[in-house]
Amino acid sequence: MSAPDRRPSAEGTGTAHPLDNPARTALTGPDAHFAERRGRILRYPVDVTPWLALPDTPDAQDWADVAALAGPGASVTLTAFRDPPPADWQIVFHAEGVQLVDDGVDAAPDPEALLLGPADVPEMLDLVGRTRPGPFLPRTVELGTYLGIRRSGVLVAMAGERLHPPGHTEISGVCTDDSVRGQGLASRLVRAVAHGIRERGEIPFLHAAASNTGAVRLYESLGFRLRRRTEFLSAIVPADPAPRTDARTTAPGAGRLEQVGQQ
C-alpha cells in the first residue's frame, strides 16, 4: 500500500485535510443543507445516514451536546474519532477501517448501469439487507447519484455517493447479490460512480473495514490507494449524561437543536 496522504489543506476547517474529519467538513461545506446542529455538534438526519460529526478535539460540553442531540439510550455512530467517548458511554461497536482515495481509477460510464431514485428505495433497502455493505437508510439516496444493475428486472448490484467533503465525494453502498457475484458488477459500478464524480472535478474516495481484505484488494486493483487508517465507533448515550451547566461557561444548560439547512 502507498504511504498515507499528509498534504496540507487550505480549507480553513481546522483539520489538516478535508478527509481527516470527512463528516464534519461535509456538513460544514457541500452537505450543509442536511446539517442538524447542537452547539459544536453536527449530524445528518437520522433517516439519511447515521454519521455524527465531532470537532477535532471534543470537550465535555461537546459530549453533552451529542447526548442531548441523540437522546438517552440512543446509539451514535462516529468515524475518524481520536479519543474514546466518556467512561459512562457503552461502546457497542468498534472497528478499524481504512480510507482510500482515487490514485488513477479507470473511471468510465457503464452501459448497463441505471440511475436509481426514491422509487427504487424499497428494492435498495432489500438488497442492502441481504448484502450488508454498511449503513443505507430510507433517505440515503438523497446524498447523491446511485447507480444499479438489474437482471430480469431485479436489482442485483448498486453503488452510489454519500459524504461530500470539499473537493471530494465518497463512494458508498457498494453491494452485489450472491446470485451474481464474480461477474465484476461491483467494479463496474464503482468505476461508473467515480466517472460521475470526476466529471464534476471532484476526487472519489471511500471507506472500508480493515478486516474486509477482499474489498480493500478490489479497490486497490481499481486504482484507489490507502490514504489513512481510521476507526468506526458506535456508542450508547447514557441515561443521564448532560451536565446541569455548560461545561465551558458555567451558564445553565447546553445549546438547543438547530436545523441548519432545509431538506
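Conventions we followed
- Residues numbered from 1 in each chain as written.
- Predicted model: local features only at pLDDT ≥ 70, side-chain atom pairs only at ≥ 80, totals over all residues.
- Heavy atoms only, no water.
- Buried < 20%, exposed > 50% of the residue type's maximum accessible area, 1.4 Å probe, protein only.
- Helix = DSSP H or I, 4+ residues; strand = E, 2+ residues; numbered from the N terminus.
- Pairing = 2+ DSSP bridges.
- Right-handed = clockwise from strand over helix to strand, strands pointing away.
- Salt bridge = Lys/Arg side-chain N within 4 Å of Asp/Glu carboxyl O.
- 1 Å grid on protein atoms, 1.4 Å probe; cavity = no way out; pocket = protein on both sides within 12 Å on 5 of 7 lines; lining within 4 Å.
- Points joined across faces, edges and corners; volume = space filled by probe spheres on them.
- Nonpolar A, V, L, I, M, F, W, Y, C, P; charged D, E, K, R; others polar.
- Axes fitted to C-alpha atoms, helices over the stretch in contact; angles between N-to-C directions.
- Parallel < 35°, antiparallel > 145°, perpendicular 65-115°, else oblique.
- Left-handed = near helix turned anticlockwise from the far one by under 90°.
- Contact = heavy atoms within 4.5 Å.
- Polar contact = N/O pair within 3.5 Å; in protein donor to acceptor, adjacent residues only side chain to side chain.
- Phe/Tyr/Trp six-rings, centres within 6.5 Å; stacked < 30°, edge-to-face > 60°.

### Notes on the pairing of strand β10 (residues 203-209)
Taken across its seven residues, β10 has five buried, putting it largely inside the fold. Bridge count between strand β5 (residues 90-102) and β10: five bridges; the pairing is antiparallel. Directly across from V101, in β10, lies its bridge partner F205. Alignment of strand β9 (residues 168-176) against β10, held across four bridges, turns out to be parallel. The partner of H168 across the bridge, within β10, is I203. Considered for its hand, the β-α-β crossover made up of β9, helix α4 (residues 185-199) and β10 is right-handed.

### Some points on the pattern of salt bridges
Evaluation of the coordinates by the stated rule reveals 21 salt bridges. E36 is paired through a salt bridge with R43; the nearest N and O atoms lie 2.8 Å apart. Just as E36 is buried, R43 falls in that class too. Note that D59 and R40 form a salt bridge whose closest N and O atoms lie 3.8 Å from each other. Linking D59 in the loop between β3 (52-53) and α2 (60-70) with R40 in the loop between β1 (36-38) and β2 (41-43), this pair joins segments that are 19 residues apart in sequence.

### A few points about empty space enclosed by the protein
Enumeration according to the criterion identifies one cavity of 30 Å³ or more in this entry. As for the largest cavity, its lining consists of 13 residues, and the residues nearest its centre are L54, P55, T79, A80 and F81. Listed by contribution, the elements that provide at least two residues to the lining of the largest cavity are β3 and β4 (75-79). For the lining of the largest cavity, a count of residues per class yields eight nonpolar, two polar and three charged.

### A short note on the packing of α4 against helix α5 (residues 213-222)
Relative to each other, α4 and α5 sit at 50 degrees, their axes nearing to 11 Å. Comparing their axes, α5 and α4 come out oblique. Pair α4 / α5 crosses with right-handed handedness. Taken together, the residues of α5 that come into contact with α4 (itself represented by S187, V190 and R191) are L218, Y219 and L222. Among the residues forming the contact of α4 with α5, the class breakdown is four nonpolar, one polar and one charged.

### Remarks on α2
Most of α2 is tucked away: eight of the eleven residues are buried. Of all the residues in α2, the buried ones are Q61, D62, W63, A64, D65, V66, A67 and L69. Of the residues that open α2, the one with a side-chain oxygen 3.1 Å from the backbone nitrogen of Q61 is D59. Just downstream of α2 lies G71, where phi reads positive at about 100 degrees.

### Concerning the packing of aromatic side chains
According to the stated counting rule, one finds five aromatic pairs in the structure shown. For the pair W63 and W89, a centre-to-centre distance of 5.2 Å together with 70 degrees between the ring planes defines the contact as edge-to-face. One end of the pair, W63, is in helix α2; the other, W89, is in the loop between β4 and β5, and 26 residues separate them in sequence. Each member of the pair, W63 together with W89, is buried. Ring plane angle 75 degrees and centroid distance 5.5 Å describe the contact between F136 and Y146, whose orientation is recorded as edge-to-face. Taken as a pair, F136 in the loop between α3 (121-131) and β7 (146-151) and Y146 in strand β7 lie far apart in primary sequence, ten residues in all. Each member of the pair, F136 as well as Y146, is classed as buried.

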